[in-house]
Amino acid sequence: VKGFRADDDGKITTKLDSIKLEKTVIDAKKTENLDIAMNLDIRGDVREGGFDINRATETSNYSTGVTVYDSAGNAHSLTMYFNKTGDNTWNWSAAAKGEEMVGGEKGKQVIGATGTLQFTIDGKLQAQTINSNAFNFSKGAQPDQAIKFTFGDAILDGGTGTKGSTQYGSVSDIYKHTQDGYT
């Protein structure tokens, strides 16, 4: 590919020359924020016995996947599990593959974060809390990586409760998720 050269003062000349691109490396950025907009089906049943990571599919009401990055720029697929614990209340867990976590076992997921979502009787997000939050990704990544999980503009945080996650009488589904990490 050819282009017009610039002289020492930066002025473009009429002289054609090959365009040379220098290799640049962009530093990796770990995921610090994960925003999720979704609906949790108000019609879901409370699961007897609660959530069990070893039987995650059978003991959760809904699950979805999201990608996050550790401090070394490695991508990790987290599985988010949602469990209805009572009227208008849901617990969530974020789990990573065991082989990607310090001390984890291949084929067994490790929970890195948990929290609770509370909704009003008309399906608006009332409150969101994070109960635990420390991902110990392996392969030299920074230990105890905390990710701020945000599920919308909760009423108790001064929001409307409608921008982000809701609890309506329709199928549980994630609409959008964004995170700020990259390689």
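Residues numbered from 1 in each chain as written. Predicted model: local features only at pLDDT ≥ 70, side-chain atom pairs only at ≥ 80, totals over all residues. Heavy atoms only, no water.

Draft legend 1. Representation of the overall build of the protein chain in the model. Secondary structure summary: the protein chain contains one helix and 10 strands in total. The order of α-helices and β-strands along the protein chain, N terminus first, is β-β-β-α-β-β-β-β-β-β-β. Taking 2.2 N^0.38 as the reference for a compact globule, 183 residues should give roughly 16 Å; the C-alpha atoms of the protein chain span a radius of gyration of 22 Å, well beyond that estimate. Projected onto the principal axes, the alpha-carbon positions of the protein chain cover approximately 75 × 40 × 25 Å. Here the protein chain holds 183 residues, and the buried ones make up 37% of them. Pairs at least 24 apart in sequence give 56% of the contacts found in the protein chain among residues at least 6 apart. Per element, the accessible surface of the protein chain, about 10,600 Å² overall, is 49% carbon and sulfur. For the protein chain, the distance from the average site of its 20 positive side-chain charges to the average site of its 24 negative ones is 6 Å. (Helix = DSSP H or I, 4+ residues; strand = E, 2+ residues; numbered from the N terminus. Rg over C-alpha atoms; globule rule 2.2 N^0.38 Å. Buried < 20%, exposed > 50% of the residue type's maximum accessible area, 1.4 Å probe, protein only. Contact = heavy atoms within 4.5 Å. Areas by Shrake-Rupley, 256 points an atom, 1.4 Å probe, with all protein chains shown as cover. Lys, Arg positive; Asp, Glu negative; His and termini not counted. Charge placed at Lys NZ, Arg CZ, Asp CG, Glu CD.)

Draft legend 2. Molecular detail of the sheet that holds strand β5 (residues 75-86). As summarised here, the arrangement of the five strands in space is β4-β5-β6-β7-β8, forming an open sheet in which the pairing is antiparallel. Edge positions in the open sheet fall to β4 (62-69) and β8 (125-133), since each of these has one partner strand only. If you compare each strand with its neighbour and ignore which way they point, the axes differ by 25° on average. (Pairing = 2+ DSSP bridges. Axes fitted to C-alpha atoms, helices over the stretch in contact; angles between N-to-C directions.)

Draft legend 3. A look at the pairing of β4. Here β4 runs beside β5; their pairing, made up of eight bridges, is antiparallel. If you follow S63 over to β5, its bridge partner there is Y81. Here β4 folds back onto β5, and the loop between the two strands holds five residues, one of which, G73, carries a positive phi near 90°.

Draft legend 4. Just a nonpolar patch on the surface, in detail. Among the surface-exposed residues, V1, I19 and L21 lie close enough to one another that they form a single nonpolar patch of about 400 Å² accessible area. Turning to its location among the elements, L21 is positioned in the loop between β2 (12-18) and β3 (33-39). (Patch = residues over 30% accessible without salt bridge, like charges linked within 9 Å, V, L, I, M, F, W, Y side chains within 5 Å. Salt bridge = Lys/Arg side-chain N within 4 Å of Asp/Glu carboxyl O.)

Draft legend 5. Looking closely at the pairing of β8. Two elements, strand β7 (residues 109-119) and β8, share seven bridges in a ladder whose sense is antiparallel. Bridging from a neighbouring strand, A113 pairs with N133 of β8. In textbook terms, the turn of a hairpin is the stretch between consecutive antiparallel strands, and for β7 and β8 this stretch comprises five residues, one of which, G123, has a positive phi near 90°.

Draft legend 6. Molecular detail of the side chain of D70. On the secondary structure map, D70 appears in the loop between β4 and β5. No salt bridge is formed by the buried D70; its nearest oppositely charged neighbour, K139, is found at 9.5 Å. At 2.9 Å, the side chain of D70 forms a polar contact with the backbone nitrogen of A72. For D70, the side chain forms a polar contact with the side chain of H76, separated by 2.8 Å. Not counting chain neighbours up to four residues away, the residues in contact with D70 comprise K29, K30, H76, F137, S138, A141 and Q145. (Polar contact = N/O pair within 3.5 Å; in protein donor to acceptor, adjacent residues only side chain to side chain.)

Draft legend 7. Spatial organisation of the pattern of salt bridges. Per the stated rule, a full pass over the model turns up six salt bridges. For E32, the salt bridge goes to K29, with nearest N and O atoms at 3.1 Å. Looking at E32, the relative accessible area reads 37%, which means it is partly exposed. Residue classification places K29 among the partly exposed positions, given a relative accessible area of 24%. With a closest N to O distance of 3.8 Å, K124 and D122 form a salt bridge. A relative accessible area of 29% places K124 in the partly exposed class. Here the residues in one salt-bridge network are K29, E32 and D180, joined through shared partners.

By themselves, these observations are geometric and do not establish any function.
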